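For reference, the chains in residue letters:
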Amino acid sequence: MASSASAEEKIEAPYGSWKSPITAEVVSGAEKRLGGIAVDGRGRLVWAESRPTEAGRVVLVKEPEKAGEEPVDIIPKEFAVRTLAQEYGGGAFAVSGNMVVFSNYKDQRLYNQFIVSEDSFPSPITPDFGGPVVRYADGVFDSRFNRYVTVREDHRQSSLNPTTAIVSVGLNTEDIQEPKVLVSGNDFYAFPRMDQNGKRMAWIEWGHPNMHWDKAELWVGYISEDGDIYNRICVAGGDPALIESPTEPKWSSNGELFFITDRKTGFWNIHKWKEHKNEVLTVYSLDAEFTRPLWVFGFSSYDFVQSNGNNDLIACSYRKNGRSYLGILDDVQSSLSVLDVPMTDIKNIISGHSCLYIEGASALHPLSVAKVTLDDSKSRTVDFCITWSASPNITKYNSYFSLPVLIEFPTEVAGENAYAYFYPPSNPCYQACEEEKPPLLLQSHGGPTDESRGILDLNIQYWTSRGWAFVDVNYGGSTGYGRAYRERLLDRWGIVDVNDCCSCAKFLVDSRMVDGERLCITGESAGGYTTLAALAFRKVFKAGASLYGIADLKALKMETHKFESHYIDNLVGSEKAFFERSPINFVDNFSCPVILFQGLDDKVVQPDQASKIYLALKKKGLPVALVEYEGEQHGFVKAENVIFTLEQQMVFFARLMGNFKVADEIYPINIDNFD
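Rules of the game
Residues numbered from 1 in each chain as written. Predicted model: local features only at pLDDT ≥ 70, side-chain atom pairs only at ≥ 80, totals over all residues. Heavy atoms only, no water. Core = buried A, V, L, I, M, F, W, Y, C linked by side-chain atoms within 4.5 Å. Buried < 20%, exposed > 50% of the residue type's maximum accessible area, 1.4 Å probe, protein only. Contact = heavy atoms within 4.5 Å. Helix = DSSP H or I, 4+ residues; strand = E, 2+ residues; numbered from the N terminus. Pairing = 2+ DSSP bridges. Axes fitted to C-alpha atoms, helices over the stretch in contact; angles between N-to-C directions. Parallel < 35°, antiparallel > 145°, perpendicular 65-115°, else oblique. Nonpolar A, V, L, I, M, F, W, Y, C, P; charged D, E, K, R; others polar. Expected span 1.5 Å × (residues − 1). UniProt positions renumbered as here; feature names shortened; annotations may be inferred. 1 Å grid on protein atoms, 1.4 Å probe; cavity = no way out; pocket = protein on both sides within 12 Å on 5 of 7 lines; lining within 4 Å. Points joined across faces, edges and corners; volume = space filled by probe spheres on them.

## Quick notes on the nonpolar core
With 111 residues, the main nonpolar core has Met201, Ile270, Val471, Trp493 and Phe541 as its most contacted residues. Residues contacting Phe541, with those up to four places away along its chain left out, are Leu442, Cys501, Cys502, Ala505, Leu519, Cys520, Ile521, Ala534, Leu535 and Cys592. Formed by 50 residues, the second largest nonpolar core is a distinct cluster that contains Ala13, Ala24, Tyr397 and Leu656.

## Remarks on unusual backbone geometry
Residue Pro209 is bonded to the preceding His208 through a cis peptide linkage, with omega at 5 degrees. Relative to the helices and strands, Pro209 is located in the loop between strand 15 (200–206) and strand 16 (217–223). Going from Gly447 to Pro448, the amide bond is cis rather than trans, its omega being 5 degrees. Position of Pro448 relative to the elements: it lies in the loop between strand 33 (440–444) and helix 2 (458–464). At Lys378, a position not held by glycine, the phi torsion is positive, near 60 degrees. Overall, the relative accessible area of 16% leaves Lys378 in the buried class. One non-glycine residue with positive phi stands out, namely Asn673, at about 65 degrees.

## Observations regarding the sheet that holds strand 26 (residues 345–351)
The strand order across the open sheet built from four strands is 26-27-28-29, with neighbouring strands paired in antiparallel fashion. Strands at the two margins of the open sheet, each flanked by one partner only, are strand 26 and strand 29 (381–389). Within this sheet the neighbouring strands show an average axis-to-axis angle of 25 degrees, counted without direction. The pairing of strand 28 (residues 368–374) with strand 29 spans seven bridges and is classified as antiparallel. For Ala370, the partnering residue across the bridge sits in strand 29 and is Ile386.

## Quick notes on the packing of helix 4 (residues 496–510) against helix 5 (residues 526–537)
Two quantities define a packed helix pair, namely the angle between the axes and the distance from one axis to the other. With their axes 9 Å apart at the nearest point, helix 4 and helix 5 run at an angle of 75 degrees to one another. One element, helix 4, and the other, helix 5, form an angle in the roughly perpendicular class. Of the residues in helix 5, those in contact with Asp497, Val498 and Cys501 of helix 4 are Tyr529, Thr530, Ala533 and Ala534. For the contact of helix 4 with helix 5, the class distribution of residues is five nonpolar, one polar and one charged.

## Some words on helix 10 (residues 639–658)
When the terminal C-alpha atoms of helix 10 are compared, their 27 Å separation across 20 residues agrees well with the 28 Å that a helix rising 1.5 Å per residue should span. Of all 20 residues that make up helix 10, 17 are buried, and the element is covered over most of its length. Immediately beyond the C-terminal end of helix 10, within one or two residues, lies Asn659, with a positive phi of roughly 60 degrees.

## A short note on the UniProt feature "domain: Peptidase S9 prolyl oligopeptidase catalytic" (unreviewed entry) in the protein chain
Feature annotation in UniProt places "domain: Peptidase S9 prolyl oligopeptidase catalytic" (unreviewed entry) on residues 457–658, given in this structure's numbering. In the segment residues 457–658, helix accounts for 45% and strand for 14%; the C-alpha atoms at its two ends are 23 Å apart.

## Focus on the layout of surface pockets
Roughly 310 Å³ of volume is contained in the second largest pocket. Around the second largest pocket sit 20 residues that line it, and Ile386, Trp388, Ser389, Ser391 and Pro392 are the ones nearest its centre. Secondary-structure elements contributing two or more residues to the lining of the second largest pocket are strand 3 (45–51) and strand 29. The element best represented in the lining of the second largest pocket is strand 29, accounting for four residues.

## Topic: the sheet that holds strand 33
Strand order in the open sheet formed by eight strands is 30-31-34-33-35-36-37-38, and the pairing between neighbours is mixed. Taken across any chain shown, the strands that pair with only one partner, and hence form the sheet edges, are strand 30 (405–410) and strand 38 (624–629). Taken pair by pair, the neighbouring strands of this sheet meet at an average axis angle of 20 degrees, ignoring direction. In terms of strand pairing, strand 33 meets strand 34 (residues 469–474) through five bridges, oriented parallel. Of the residues in strand 34, the one forming a bridge with Leu440 is Ala469.

## What to know about the environment of Leu356
In this structure, Leu356 sits in strand 27 (residues 356–361). On a C-alpha basis, the gap between Leu356 and Lys437 in space is 45 Å, while along the polypeptide they are 81 residues apart. The residues touching Leu356, leaving out its near neighbours within four places in the chain, are Val305, Ala315, Ile349, Ile350, Ser351, Ala370, Lys371, Val372 and Leu374.

## A short note on the pairing of strand 4 (residues 57–62)
Here strand 4 lies mainly inside the structure; six of its six residues are buried. Residues Arg57, Val59 and Val61 line one face of strand 4 and the alternating positions Val58, Leu60 and Lys62 line the opposite face, and both faces are buried. Two elements, strand 3 and strand 4, share six bridges in a ladder whose sense is antiparallel. Following the sheet pairing, Val46 is matched in strand 4 by Lys62. With antiparallel pairing between neighbouring strands as the criterion, strand 3 and strand 4 make up a hairpin whose turn holds five residues, including Ala55 at a positive phi of roughly 60 degrees. Across two bridges, the pairing between strand 4 and strand 5 (residues 72–73) is antiparallel. Opposite Val61, over in strand 5, you have Asp73 as the bridge partner.

Next up, the structure:
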């Protein structure tokens, strides 16, 4: 039936049974992800993209010479651009002029390569340690000493407690030396940034038990003629009476240091350092978030734009009331002009030649990189065009898309509300009878210090186009709403997130938007923990799916990697709380079906988290299934596994609580205690 069918022409069928062209194969094909963007010396965009069809390989690509031509792969097929620093990576490459330095996935060594010549081949610039035991991220070029300054994570002495430092790597490929340590002694470092003359370096550091967003410090070091740091000064974060998390330091063209911090207001706003007074000034104050938590290296929430005057303007993005805005900030005038662009979520901004490149998305646009041209005053958008898209052919499904509605709902704490994006069922060819309410799939995001962002995600549209309602919850503890909202979860993980997810589901039931007898919950990583905790400690949901989720908090604390090794101490609290909030200790409380998915190479959540809860639920007699993937880590990147995970969740819920038959031909896996 044509997608323009009127309501009278629609086929009446139960929710969940609708046929949709947004198949799991289509979803997996749209799973390309970005690993960073940069601009080369000729003004062309360079980016790293992951390809599910190549087993998740991340490829470095450059914009074509002429419009209409295909982008060009820079690196040979035997290379992949990915760093495993802090396990989550990011900042795996940097470009200066016509040279790129990147971290190669297989051996984790740094390589450089010229990106103009098609016959250029990568050359290593760091030593071969016989395996991927030394990792690098978030690097920048230092032209003064012809070197590359980067964060190094060294696992040679200990895999569980690697040492982290800021080091310099010579760019001479004929004489590879051990990197030179510039800054060390703390647990974590990020954002080493050189000024234009190579005489000062800014960086961020923090230590256990804090995560970066809890408390961090911004330092500036002065570089000697030998390339060492001979003097250093703490710019922000050193005052014990002032809790803040500075991030993203950048030097302007006239040598001023800008950065983002959340001092005093609890919102990440842009500030600058007056060096001669060692004084921090607010550039512009707004109850909005101008950056995001440091889960990965190398992101860029703002950049400098050349103006016709003497001062640089700042192109920035900020997040307020569930959406992002693109703006131009005038430091001298202390003014902020909002630019009109069709993106409601903006992740990265970099300046190009007379333009901006922004990475973002919206409810109608998938993850994309857009080229934004401004007028001479830099206050108005004159052109907006998509340079790269995760799903360039996605527009043919527009009539099936469900648009998110931002909802605010009451929590169990009087006077405190939480937020979510609600997606109603949407299919131009089908409708259900008036009396029926749709089943609901509630998603609890990972992190948990993270945020659902209300953008076009075919994973969600897969469900809504088949007649499901879907809600993506930003429970207390999520980012995007300031420090106070973020800290609702301190000492209360497994309580606040669970309560808020349950409150959201009940709100939708009470609003007659979903069927209270067909409520399902799903989540990845920390969201998988919230899923299992909700099923163990509450009786709201009828089935659940946990993707590499956590069942045993104490085991996670003992086994997880260094970056998060103290994270859950702040989120959980006492030893008693660790026991009482671990679903594995309360299997008798479970009363509904559960399906689990786990990568066997996961270093963040150990695979036995899934296998132990699976065996316990199987022994109890509940319907349960476990899917394990060889070669997958913390997050599935292979197309075949993305497809299988999505389809098996769908058919699992349909068989065990949906009261409908899915339209797709999906062969279900065996469910213990059911088949």
